[in-house]
Amino acid sequence: MAEQALDVRDFDDVVDFVTPVDHVFVRAHLGVPDVDVDSWTLSVEGLVERPFQLRLDELLALPARRFTAFHECFGSPFRPDVPTRAVANLVWTGFDLSVLLDRAVPLASARHVWFEGADTGSFDGEDGLSYVKDLPLETARRDVFLAYEMNGEPLTVRHGHPLRTVVPRMFGTNSVKWLTRIILADERPDHMFTTRFYTRVHPGEQTARPVRSVDVGSKILGPQDGDQLADGRVRLVGRAWSTCEVVGVEVSVDEGPWLPASLEPLGADPAWQPFTLDLRLPPGRHRVRARATDRDGRVQPPPGARNSVHEVTVTVGVSGGGAEA
Ligand SMILES: Nc1nc2c(c(=O)[nH]1)N[C@H]1C(S)=C(S)[C@@H](COP(=O)(O)O)O[C@H]1N2
Ligand SMILES: [Mo]
């Protein structure tokens, strides 16, 4: 493994629309693998008429596409109800999985696509694991993108060099880094990261579903939790995202009413949507909360859920003087 001690900060303070690469959270359940790009290949295999392997230069020669998408970690697989709010917004360059599927020609019996990364190791007491995710074939054909650049630069080692999947509007766990194999199959893989972890029972449902589509969410990026503000006139800045357009973000100060923030509409890309609201906070300590609603009517729930309303506490007026008049 090239790197064991991973930076697991969530970089709550970055307000850029596109998150700088060195401020993007990193997740690697099995450690970061050493991938030798000269011998690395991507294979498409399983229930296909024409299995094949391609080198990186062959993949880089495919017509490229670029878009901006938010990227959100589901959180700890051991604590699926605890909010982490590790989220970024990134420009991806690469090509659609459908290009490779058309070339391989899936057999009629193919129903699922499995994605495997080069990383191997132990997790939750099981050894010799690799990182595997899967999607139904039609979902994968429509939504999966294969990226070799993040923000216009080759993927860094931590973020999946040389190639990863990106599945816009799905939790980051579905975006397999250090991708080496794409396997078409007639069933789902029974695996640590597909059927044991990263499943959840939605409210009102009985059976667990794989963790795929994101929840509606928002995050206050400024002011930050714990900030001491000299002046109570403050512009609240945040980001909201969901599987469809976020149509409203409301902000509440202390136990006050929910006030509509000014929200940028969703553009053509599945990016996050900035919101702002000018506040006038009296001196003292304040709880500021943000709550997003999406076009499908989903609203961020109260505390207790992984996508609960986001709250920061700020203090206006520096105790002991020193504040500007
Ligand atoms: N091969 C591999 N891919 C992986 C993971 C992993 O451990 N191994 N972690 C997943 C999880 S849980 C997330 S949130 C994203 C994080 O991507 P990032 O580290 O580039 O931000 O990668 C996903 N892809
Ligand atoms: Mo994650």
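A. Up close: the packing of aromatic side chains. Summed over the entire model, instances satisfying the criterion amount to ten aromatic pairs. Arranged with centres 5.5 Å apart and planes meeting at 20°, the rings of Phe78 and Phe123 form a pair that is stacked. Placement of the pair is Phe78 in the loop between strand 3 (65-72) and strand 4 (87-96) and Phe123 in strand 5 (residues 112-123), with a sequence separation of 45 residues. Given a relative accessible area of 47%, Phe78 falls into the partly exposed group. Classification of Phe123 as buried rests on a relative accessible area of 11%. Ring centres of Phe123 and Phe193 lie 5.0 Å apart, and the angle between their planes is 55°; on these two criteria the pair is classed as tilted. Separated by 70 residues along the polypeptide, Phe123 in strand 5 and Phe193 in helix 4 (residues 192-196) bring together distant segments of the chain. As far as the burial class goes, Phe123 and Phe193 line up, both buried. Here a set of aromatic residues connected by ring pairs shows up, and it is made of Phe78, Phe123, Tyr131, Phe193 and Phe197. Above the ring of Phe52, the side-chain terminus of Arg103 is found at 5.3 Å from the ring centroid. Above the plane of the ring of Trp258 lies Arg291, whose end atom (NZ or CZ) is 4.1 Å from the centre.

B. Representation of the sheet that holds strand 14 (residues 228-229) in the model. Taken in spatial order, the five strands line up as 14-21-20-16-17 in an open sheet, and their pairing is mixed. The open sheet has two free edges, formed respectively by strand 14 and strand 17 (259-260), since each of these has just one partner strand. The pairing of strand 16 (residues 246-253) with strand 20 (residues 284-294) spans seven bridges and is antiparallel. Residue pairing across strands places Val251 opposite Ala290, the latter belonging to strand 20.

C. Main features of the sheet that holds strand 1 (residues 41-46). Taken together, five strands build an open sheet; the order of strands is 2-1-10-5-6 and the sheet is mixed. Sheet topology places strand 2 (52-55) and strand 6 (126-136) at the edges, where each strand pairs with a single neighbour. Across this sheet, the average inter-strand angle for adjacent strands is 25°, counted without regard to direction. The pairing of strand 5 with strand 6 spans eight bridges and is classified as antiparallel.

D. Spotlight on the pairing of strand 4. For strand 4, a buried count of nine out of ten residues is recorded, marking the element as mostly surrounded by other parts of the structure. Bridge count between strand 3 and strand 4: eight bridges; the pairing is antiparallel. Directly across from Phe67, in strand 4, lies its bridge partner Trp92. As defined by bridge partners, strand 4 adjoins strand 7 (residues 145-150) across five bridges and the pair is classed as antiparallel. Bridge pairing in strand 7 links Thr93 to Glu149.

Basis of the calculations
- Residues numbered from 1 in each chain as written.
- Chains lettered and ligands numbered in written order.
- Predicted model: local features only at pLDDT ≥ 70, side-chain atom pairs only at ≥ 80, totals over all residues.
- Heavy atoms only, no water.
- Phe/Tyr/Trp six-rings, centres within 6.5 Å; stacked < 30°, edge-to-face > 60°.
- Helix = DSSP H or I, 4+ residues; strand = E, 2+ residues; numbered from the N terminus.
- Buried < 20%, exposed > 50% of the residue type's maximum accessible area, 1.4 Å probe, protein only.
- Lys NZ or Arg CZ within 6 Å of the ring centre and 35° of its normal.
- Pairing = 2+ DSSP bridges.
- Axes fitted to C-alpha atoms, helices over the stretch in contact; angles between N-to-C directions.

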